[in-house]
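Structural overview
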Amino acid sequence: MRPTPMAEPIALAVRDLAVRFEMEQGNVHALEGVSFDLRAGRTLGIVGESGCGKSVTARSILRIIDRPGRITGGRILLDPGTPQEVDLAALDPESARMRAVRGGRVGLIFQEPMTALSVHYTVGNQIIEAVRQHSDISKAEARNRAIELLREVGIPRPETRIDAYPFELSGGLRQRVGIAMALAGDPDILIADEPTTALDVTTQAQILALLRRLQAEKRIALMLITHDMGVIAEMTDEVAVMYLGRVVEYAPVAALFAAPRHPYTRALLRAVPSVLAAPRQRLATIGGAVPHPGARPAGCAFHPRCAEVIPGRCTAEMPPAIPPGIAGASCFLDVPA
Amino acid sequence: MSAAAADIGATAGQDRFAQATQLQLTWWRFRRHRLALISLFIVALFYAVAVFADFLAISDPHATDARRSFIPPQAIHLFDDGAFRPHVYGLRGVRDPQTFKLVYTPDPNRKLPVTLFARGYDYALFGLFETNIHLLGIEGGSRGDGIFLLGTDQLGRDLYSRMVVATRVSLSIGLAGVTLSLLLGVLLGGISGLYGGWVDTVIQRVIEILRSIPTIPLWMGLAAALPNTWSVTQVYLAITVIISLIGWTDLARVVRGRFLSLREEDFVVAAELAGASQGRIIFRHMLPSFASHIIAAVSLALPAMIVSETALSFLGLGLRPPAVSWGILLQDAQNIQVLAGAPWLLSAAVPVTVVILAFNFLGDGLRDAADPYG
Amino acid sequence: MNVLEVSELRKHYPIRAGLLRREVGRVRAVDGVSFHIAAGETLALVGESGCGKTTVSRCILRALRATSGEIRFAPEDGRVVELVGLPKRQLRPLRRHMQMIFQDPYSSLNPRMMVGDIIAEPLKVNGVPAAERQARVLELLDLVQMPASARSRFPHAFSGGQRQRIGIARALALQPRLVVADEPVSALDVSVQAQIINLLLDLQDRLRLSMLFVAHDLGVVRHVSDRVAVMYVGRIVEVAPTATLYRTPRHPYTEALLAAVPAPDPARRGRQLAVLGEVADPANPPPGCAFHPRCPYAVERCRIERPELTEVTPGRWTSCHRARELELAGVG
């Protein structure tokens, strides 16, 4: 069995992260008071619907938020509690230090690998460049390392594929190359932003298996962003459920599925179509649609869609955020264990 | 951004946004483009000048007077002895002691009062109403007196008045050229995009060939072929055709590209599956979807047309005197010796530069605003 | 009584090369597909990207012209029309009987038209008088649970789920016999997706629609379909009633697909299995059974002889040489 979570050192701690997009239509609070830990060798799942802020979270850690967004509060601590502790939120996004972290300590896997790959260069060129950016080795050595990386991510005949252009590869192989790129700097933290959403189900299974294997081999702290509850159940150790820029529930994966504590989590789990359903079985639904982050409802942001809303309270007051590292729900109905 | 904007409307229930047409959305977006908005104003101003050219002109742009040649720009003095009495100085002929040439210089002792809505030369407003009222004029004064805001040329014609009238010619020739290009471009581009196959191939190759011909020699050849006996109007029309000969290719490409991408668009397929006729699909679904793109393309094509006409006329291949256009005005500034003595002749370059910059910014703004959904 | 019968449908795209554009090969996007849809039934067409499921649906709607095969469609009881060879002129009056629900709720609605006009368009082009159109639009908006005020708004004012409802209203405007839904919920958030699935189920019960439901999400398919046809590289490998197919698949590819779906249940963790390799190239499919290079059960025969789709038990068809002997694992 896996060791208890507390035994693993925290690789990255996010505390009270707030991100704001200042736009003509008004300020959009993309993230508010987001806290969680990434631990070596463990997988944190971040799940939520569009606009919940899961991708913004990933991009803030790497300091690559698109303008006009910026971090307005909170800390992103690399190696917290150690002498090497760095607050990424305080670094200049273009500084040498941040560039060393990006793609070095922290690797990123994109939903569509083509966003990370240029069509004008061969796969090998791009991985070699990434390798050499983070280590001081000769071109020949880097090429060998690139071939090794491609083999590691399960690309058959890496010696020949290294000279292929990205468009010559299938979606699954491209995503493998994307993972190889993310591994080029030998990271100990990997952020995977919907890594399998664009893939077919059999390819998805292959990529998930690959991620699982790599994580076990390299004791990587993995942050897996997805909207798919199946992927969450299959892959993660702990889960943060996000809604409109806040973490509304944080729990170990088994507990989350067995006894979800936030009404949103409960509703979301019931709304997932299942391969085990009875013929023509209706799904439980959540009324309405996710509001735009710019039009966030007062009080608990979920209250207009919540079946268990407490009139007068949820509509006016924001439930307290979940303290980091503790399972719980940001809901007035939640009784801390 | 489009999805986000949609959701703001949906949740906040902003009826204004929800019921906004495509045109309104474009306008709202365009308004945010400060430079384009200013440019729009400038372009509008230029066209207003073009429409009211004769009204704004002070003296007859074709009237020559040897005594008035090369008079430097002349300011309007607003105050006379502390009282508000706008006036200009009259001219006095002085014999140059060295060359014995008669030189006319302003005479501060002869004050000619400036009035609004003065009577001047006869013209037809909008080509319809015979009148002789002009915005500015002088009272009294003898032959040869006048207001020369930008000075005069060798033949003693008022440069300001000529420039105002040239604005009309230059801008309208651009407009006419673009209209012709647009007709050709939409028609041929549309056929190319809609029917595809060998028709498309032929049209595309023709476009490529036309574009591969260096434009200046082509224009020179064509313009040189215009018979000398043609009237000003005939030359004007011929020049329009010549400059739009190349211009339409760009528009045809835009139109073809839009048709090709729209044909695959789900809502077009939906209309087809609903049983809509080909005509309805083109006119109800496809054309409105890229009308804004065409407007943007046109506003970018216009300055090219204006420059083409100016260049041709400057080289003496385009319009010919007595027609007045910016290019023809600049023709006078070709001679360095003339220019050294009368640098104000170069002022015709200013409206050319300003209007072309304005059109470019306007086109950029329109292009950005054209697709509120993209 | 079948609303649709497709037999031996083929759609090949020539690969041309050289100066003379000679045909050097063919992409067999759809290569001999046969199935039927009974009145009031939903048939799901599932498979991975590039398997040809979307091509099949477009051929049925004649948005694409099939290379060969037959599509027999019954626009009303007692009348059957063959669509593949039908001239365009005769096709137009038939359009109203089969409509489509699109995948992308953004590109499927003309942003320059008001919602009321979008829904009324099929009515208008089919000659329904204006007064009647008004009433029908209100009725349709009500049917898809949208407020009547939506009529005078533009699509940009609505969320993805609401736009999809508008698209459904447009598809139902002419009371079609057959609705082709091409991944109608795959672009939507989970909570909204559930709403649309329920809406489709309700509408089908109320209107007795026949539906071809093209999808890749096996969870969604299980909720909405009566029968499922699984496609792989241009061919149907298995057809069966939904519950039967999920519980006891008879084709190794079906088994692999089902095993690859991650179940939303941590207790079943690790049961997810990955088939090896990549989907075959439809321009150059492997000889014999197209799935054999990835099939753990493949034998010599699979490499040589292409299996035909045969009825193994009543109502279920499989194209696998070993369909009768293999014991394959399903779900639920």
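Residues numbered from 1 in each chain as written. Chains lettered and ligands numbered in written order. Predicted model: local features only at pLDDT ≥ 70, side-chain atom pairs only at ≥ 80, totals over all residues.

To keep it simple, the criterion reads: UniProt positions are given in the numbering used here, feature names are shortened, and annotations may be inferred rather than shown by experiment.
In the annotation of an unreviewed UniProt entry, chain C is listed under the name ATP-binding cassette domain-containing protein and assigned to Siccirubricoccus deserti. Looking at chain C in UniProt, the text filed under Subcellular location (unreviewed entry) is "Cell inner membrane".

Describing the overall build of chain C
Quick reminder of the rule: Working definition: helices are DSSP H or I runs of at least four residues, strands are E runs of at least two. Numbering for both runs from the N terminus. The size measure is the radius of gyration over C-alpha atoms, and the globule rule it meets is 2.2 Å times the number of residues to the 0.38 power. Put plainly, a residue is buried at 20 or more neighbouring C-beta atoms within 10 Å of its own, exposed at 12 or fewer, and partly exposed in between, counting only other residues' C-beta atoms, which are placed from the backbone. Here, residues touch in the contact sense if the C-beta positions derived from the backbone fall within 7 Å of one another.
Per the secondary structure count, chain C includes 10 helices and 12 strands. Computed over the C-alpha atoms, the radius of gyration of chain C is 21 Å, within 12% of the 20 Å expected from 2.2 N^0.38 for a compact globule of 332 residues. The dimensions of chain C, computed from C-alpha atoms along their principal axes, are 65 × 60 × 45 Å. For chain C, with 332 residues in total, the buried portion stands at 54%. Across chain C, contacts joining residues at least 24 apart in sequence account for 64% of those joining residues at least 6 apart.

Considering the overall build of chain A
Broken down by element type, chain A carries 10 helices and 11 strands. Taking 20 Å as the expected radius of gyration for a compact globule of 337 residues, we find that chain A reaches 21 Å, a close match to that expectation. Each principal axis of the C-alpha distribution contributes one length, and for chain A these read about 70 × 50 × 45 Å. Expressed as a percentage of the 337 residues in chain A, the buried residues total 53%. Long-range pairs, those at least 24 residues apart, make up 64% of the contacts in chain A between residues at least 6 apart in sequence.

Notes on the confidence of the model for chain C
Quick reminder of the rule: One confidence number per residue, pLDDT, is output by the predictor and ranges from 0 to 100.
Taken residue by residue, chain C gives an average pLDDT of 91. The fraction at 70 or more is 100%. This prediction of the complex comes with two scores: 0.82 for pTM and 0.87 for ipTM.

Concerning helix H10 (residues 266-273) of chain B
Every α-helical turn comprises 3.6 residues, leaving residues that sit three or four positions apart pointing alike. Burial analysis of H10 of chain B places 6 of its 8 residues in the buried class, which makes it a mostly covered element. Among all positions of H10 of chain B, only Phe 267, Val 268, Ala 270, Ala 271, Glu 272 and Leu 273 of chain B are buried. Looking at the packing, one finds that the buried side of H10 of chain B touches helix H9 (232-263) and helix H11 (278-314) of chain B together with helix H2 (88-95), strand S6 (98-101), helix H3 (115-125) and helix H5 (160-172) of chain C. Backbone geometry just downstream of H10 of chain B places Gly 275 of chain B in the positive-phi region, at approximately 100 degrees.

A short note on the UniProt feature "domain: ABC transporter" (unreviewed entry) in chain C
UniProt's entry tags residues 15-258 of chain C with the feature "domain: ABC transporter" (unreviewed entry), counted in the numbering of this structure. Across residues 15-258 of chain C one finds 38% helix and 27% strand; the C-alpha atoms that close the span lie 34 Å apart.

Considerations on the interface of chain C and chain A
Convention followed: Each residue gets one of three labels, nonpolar for Ala, Val, Leu, Ile, Met, Phe, Trp, Tyr, Cys and Pro, charged for Asp, Glu, Lys and Arg, and polar for the others, Gly among them.
Counting from both sides, the interface comprises 42 residues of chain C and, opposite them, 40 residues of chain A. Mapped onto the side of chain C that touches chain A, the elements with two or more residues apiece are helix H6 (190-207), helix H7 (218-224), helix H8 (242-247) and helix H9 (252-260) of chain C. Here the element with the most residues in the side of chain C that touches chain A is H6 of chain C; it accounts for 8 residues. The residue makeup of the side of chain C that touches chain A, split by class, is 22 nonpolar, 12 polar and 8 charged.

A closer look at the sheet that holds strand S7 (residues 189-193) of chain A
Hydrogen bonding along the main chain pairs the strands of a sheet, whether they run parallel or antiparallel. All names here are of chain A. To be explicit about the condition: Here the rule is simple: two strands pair whenever DSSP picks up at least two bridges between them.
One open sheet holds the 7 strands; their spatial order is S6-S7-S8-S3-S9-S10-S11, and the pairing between them is mixed. Edge positions in the open sheet fall to strand S6 (106-109) and strand S11 (328-329), since each of these has one partner strand only. As paired elements, strand S9 (residues 238-243) and strand S10 (residues 246-252) share 6 bridges and run antiparallel to each other. Bridge assignment links Val 239 to a residue of S10, and that residue is Ala 251.

Regarding the environment of Phe 259 of chain B
Residue and element names in this part refer to chain B. With respect to the element layout, Phe 259 can be found in helix H9. Residue Phe 259 is classed as buried on the basis of its C-beta count, with 24 C-beta atoms lying within 10 Å. The spatial distance from the C-alpha of Phe 259 to the C-alpha of Ser 192 is 8.8 Å, given a sequence separation of 67 residues.

Examining the nonpolar core
Within soluble globular proteins, side chains that are nonpolar generally end up buried alongside one another. What counts is decided by this rule: Definition of nonpolar core: a set of buried Ala, Val, Leu, Ile, Met, Phe, Trp, Tyr and Cys residues joined via C-beta atoms within 7 Å.
Counting residues in each nonpolar core, the largest one holds 297 residues, and the members touching the most others are Leu 12, Ile 127 and Ala 180 of chain A together with Leu 212, Phe 213 and Val 230 of chain C. Considering each element in turn, this core owes the most residues, 15 residues, to H11 of chain B. Not counting residues within four places of it along the chain, the set of residues in contact with Phe 213 of chain C comprises Thr 42, Leu 43, Ala 44, Ala 181, Val 221, Val 224 and Ser 225 of chain C.

Quick look at the packing of helix H6 (residues 159-195) of chain B against H11 of chain B
Residues and elements named next belong to chain B. Spelled out, the test is: Here, axes are lines fitted to C-alpha atoms. For helices the fit covers the stretch in contact, and angles between N-to-C directions go from 0 to 180 degrees. When an angle is under 35 degrees it counts as roughly parallel; over 145 it counts as roughly antiparallel; between 65 and 115 it counts as roughly perpendicular; any other value is oblique. Crossing chirality is assigned from the near helix's rotation relative to the far helix, an anticlockwise turn below a right angle marking it left-handed and a clockwise turn marking it right-handed.
Running from N to C, H6 and H11 point in directions that differ by 125 degrees, and their axes come no closer than 8 Å. When the axes of H6 and H11 are compared, the pair comes out oblique. Remark: the crossing between H6 and H11 carries right-handed chirality. Seen from H6, the contacting residues are Ser 170, Leu 171, Ile 173, Gly 174, Gly 177, Val 178, Ser 181 and Leu 182; seen from H11, they are Val 298, Ala 301, Leu 302, Met 305, Ile 306, Glu 309 and Thr 310.

Overview of the environment of Ile 37 of chain C
Residues and elements named next belong to chain C. Positionally, Ile 37 belongs in strand S2 (residues 22-38). When the C-alpha positions of Ile 37 and Val 81 are compared, they lie 15 Å apart, and in sequence the two are 44 residues distant. Those residues in contact with Ile 37 that lie beyond four places of it in its chain are Asn 2, Val 3, Leu 4, Leu 43, Ser 210 and Leu 212.

Quick notes on the domain arrangement of chain C
Residue and element names in this part refer to chain C. Put simply, the rule is: The source of the domain bounds is an automatic or database domain assignment.
Domain annotation for chain C reports domain 1 (2-97 + 176-318) and domain 2 (101-175). In this complex, domain 1 contributes 15 residues to the contact, which on the side of domain 2 involves 18 residues. Elements with a contribution of two residues or more to the side of domain 1 that touches domain 2: strand S7 (178-182) and H6. A per-element tally of the side of domain 1 that touches domain 2 places H6 first, with 5 residues. Considered class by class, the residues forming the side of domain 1 that touches domain 2 number 10 nonpolar, 2 polar and 3 charged.

Here we look at the packing of H11 of chain B against helix H14 (residues 349-370) of chain B
Residues and elements named next belong to chain B. Between H11 and H14, the least distance of the axes is 7 Å, while the angle of their chain directions is 165 degrees. Here H11 is positioned roughly antiparallel relative to H14, judged by the angle of their axes. Crossing hand, H11 versus H14: left-handed. For the pair H11 and H14, contact is made by Ser 292, His 293, Ile 295, Ala 296, Ser 299, Leu 300, Leu 302, Pro 303, Ile 306, Val 307 and Thr 310 and by Val 352, Val 355, Ile 356, Phe 359, Asn 360, Leu 362, Gly 363, Leu 366, Arg 367 and Ala 370, respectively. Of the residues belonging to the contact of H11 with H14, the class tally is 14 nonpolar, 6 polar and 1 charged.

Some remarks on the environment of Phe 35 of chain C
Residues and elements named next belong to chain C. If you trace the backbone, Phe 35 turns up in strand S2. Owing to 21 C-beta atoms within 10 Å, Phe 35 belongs among the buried residues under this scheme. Taking the C-alpha atoms as reference, Phe 35 lies 8.2 Å from Ala 229; in sequence the two are 194 residues apart. In this structure Phe 35 touches Val 6, Leu 43, Ala 229, Ile 236 and Val 239, once residues within four positions along its chain are discounted.

Focus on the sheet that holds strand S4 (residues 68-76) of chain C
Residues and elements named next belong to chain C. Spatially, 4 strands are ordered S2-S1-S4-S5 in an open sheet, and the strand pairing comes out antiparallel. Two strands bound the open sheet, and with one partner strand each, they are S2 and strand S5 (79-82). Across the sheet, the axes of successive neighbouring strands diverge by a mean angle of 25 degrees, strand direction being ignored. Where S4 meets S5, 3 bridges bridge the pair, whose relative direction is antiparallel. Paired with Glu 76 across the strands is Arg 79, a residue of S5.

Some points on the pairing of strand S3 (residues 43-47) of chain A
Residues and elements named next belong to chain A. Burial of S3 is extensive: 5 of the 5 residues sit out of reach of the surface. In S3, alternate side chains face the same way, and those of Thr 43, Gly 45 and Val 47 on one face and Leu 44 and Ile 46 on the other are all buried. Pairing geometry for S3 and strand S8 (residues 221-226), over 5 bridges, is parallel. Considered in S8, the bridge of Val 47 is made with Thr 226. In the sheet, S3 pairs with S9 via 4 bridges, with the strands oriented parallel. Opposite Leu 44, over in S9, you have Glu 238 as the bridge partner.

Some points on unusual backbone geometry
Residues and elements named next belong to chain A. Omega for the peptide link from Arg 67 to Pro 68 comes to 5 degrees, which places this bond in the cis form. Mapped onto the elements of the fold, Pro 68 is located in the loop between helix H1 (54-61) and strand S4 (69-78). Of note in this structure, Asp 79 is not a glycine but carries a positive phi near 50 degrees.

Regarding helix H7 (residues 201-218) of chain A
Formally: To estimate the expected span of a helix, subtract one from its residue number and multiply by 1.5 Å.
Taking 1.5 Å per residue, 18 residues should reach 26 Å; H7 of chain A reaches 26 Å between its end C-alpha atoms and fits that length. Those residues of H7 of chain A that are buried are in contact with helix H6 (171-183), S7, S8 and helix H8 (229-235) of chain A together with H9 of chain C. Just beyond H7 of chain A, the residue with positive phi is Arg 219 of chain A, at close to 50 degrees.

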